[in-house]
Amino acid sequence: MALTEETVQDKIEVVGDYKAVQVRTATVIKRDGVEISRSFHRHVLQCSTLTGRTYKEDGTIDNAGTWGDTDISGESTEVQAICNAVWTDAVKTAYRTAMDAQETP
């Protein structure tokens, strides 16, 4: 009786105006080649990442921080290709503008 475990990205979706990329990973356990268990994990990638933003004690922004492209080097080549295709400069600009607008009191 041999147990094996396999991890596969079984669903990749592009969602919303800012092209968030949702990745579902399935962990499949098999006994003698027959699936006996499957569990899922999801993670979501946004096109841009904000670093260095700090706040004052009253909650207002002290340092606006810097926007940069999200590091997708640790993702599969398929996920990287999808991100590179849908994350245009226009999408990144729109996302950053929308996120900054949420911070405005």
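Residues numbered from 1 in each chain as written. Predicted model: local features only at pLDDT ≥ 70, side-chain atom pairs only at ≥ 80, totals over all residues. Heavy atoms only, no water.

Trainee: Sorry, what's going on with unusual backbone geometry here?
Mentor: Most peptide bonds adopt trans geometry, and most residues besides glycine take a negative phi value. At Lys-19, a position not held by glycine, the phi torsion is positive, near 55°. By secondary structure assignment, the location of Lys-19 is in the loop between β1 (3–15) and β2 (20–31). One non-glycine residue, Asp-32, lies in the positive phi region at around 50°. Position of Asp-32 among the secondary structure elements: in the loop between β2 and β3 (34–45). (Helix = DSSP H or I, 4+ residues; strand = E, 2+ residues; numbered from the N terminus.)

Trainee: Got a minute to help me understand the environment of Gln-22 in this structure?
Mentor: Along the polypeptide, Gln-22 turns up in strand β2. Expressed as a C-alpha distance, the spacing of Gln-22 and Ser-37, which sit 15 residues apart in the sequence, is 22 Å. For Gln-22, the contacting residues outside a window of four places in its chain are Lys-11, Ile-12, Glu-13, Val-15, Arg-42, His-43 and Val-44. (Contact = heavy atoms within 4.5 Å.)

Trainee: Help me understand the sheet that holds β2, please; the structure alone is not making it clear to me.
Mentor: Two pairing modes exist for strands in a sheet, parallel and antiparallel, and in both the strands are linked by backbone hydrogen bonds. Reading across from one edge, β1-β2-β3 is the order of the three strands in this open sheet, with antiparallel pairing throughout. On the outer flanks of this sheet lie β1 and β3, each paired with one strand and no other. Strand after strand, the sheet turns through a mean of 20° between neighbouring axes, direction not considered. Note that β2 and β3 share 11 bridges and pair antiparallel. (Pairing = 2+ DSSP bridges. Axes fitted to C-alpha atoms, helices over the stretch in contact; angles between N-to-C directions.)

Trainee: Just to check I follow, could you spell out the packing of aromatic side chains for this structure?
Mentor: Where two aromatic rings form a pair, the distance of their centres and the angle of their planes describe that pair. Here the structure, examined in full by the defined rule, presents two aromatic pairs. Look at Tyr-18 and Tyr-95: their rings are 5.8 Å apart centre to centre, the planes differ by 65°, and that puts the pair in the edge-to-face class. A residue pair is termed long-range when its members are at least 10 positions apart, and Tyr-18 in the loop between β1 and β2 and Tyr-95 in helix α2 (residues 89–103) qualify at 77 residues. Relative accessible area serves as the criterion here: at 10%, Tyr-95 is assigned to the buried category. Note on Trp-67 and Tyr-95: the rings are 5.9 Å apart at their centroids and 75° apart in plane angle, and the pair reads as edge-to-face. (Phe/Tyr/Trp six-rings, centres within 6.5 Å; stacked < 30°, edge-to-face > 60°. Buried < 20%, exposed > 50% of the residue type's maximum accessible area, 1.4 Å probe, protein only.)

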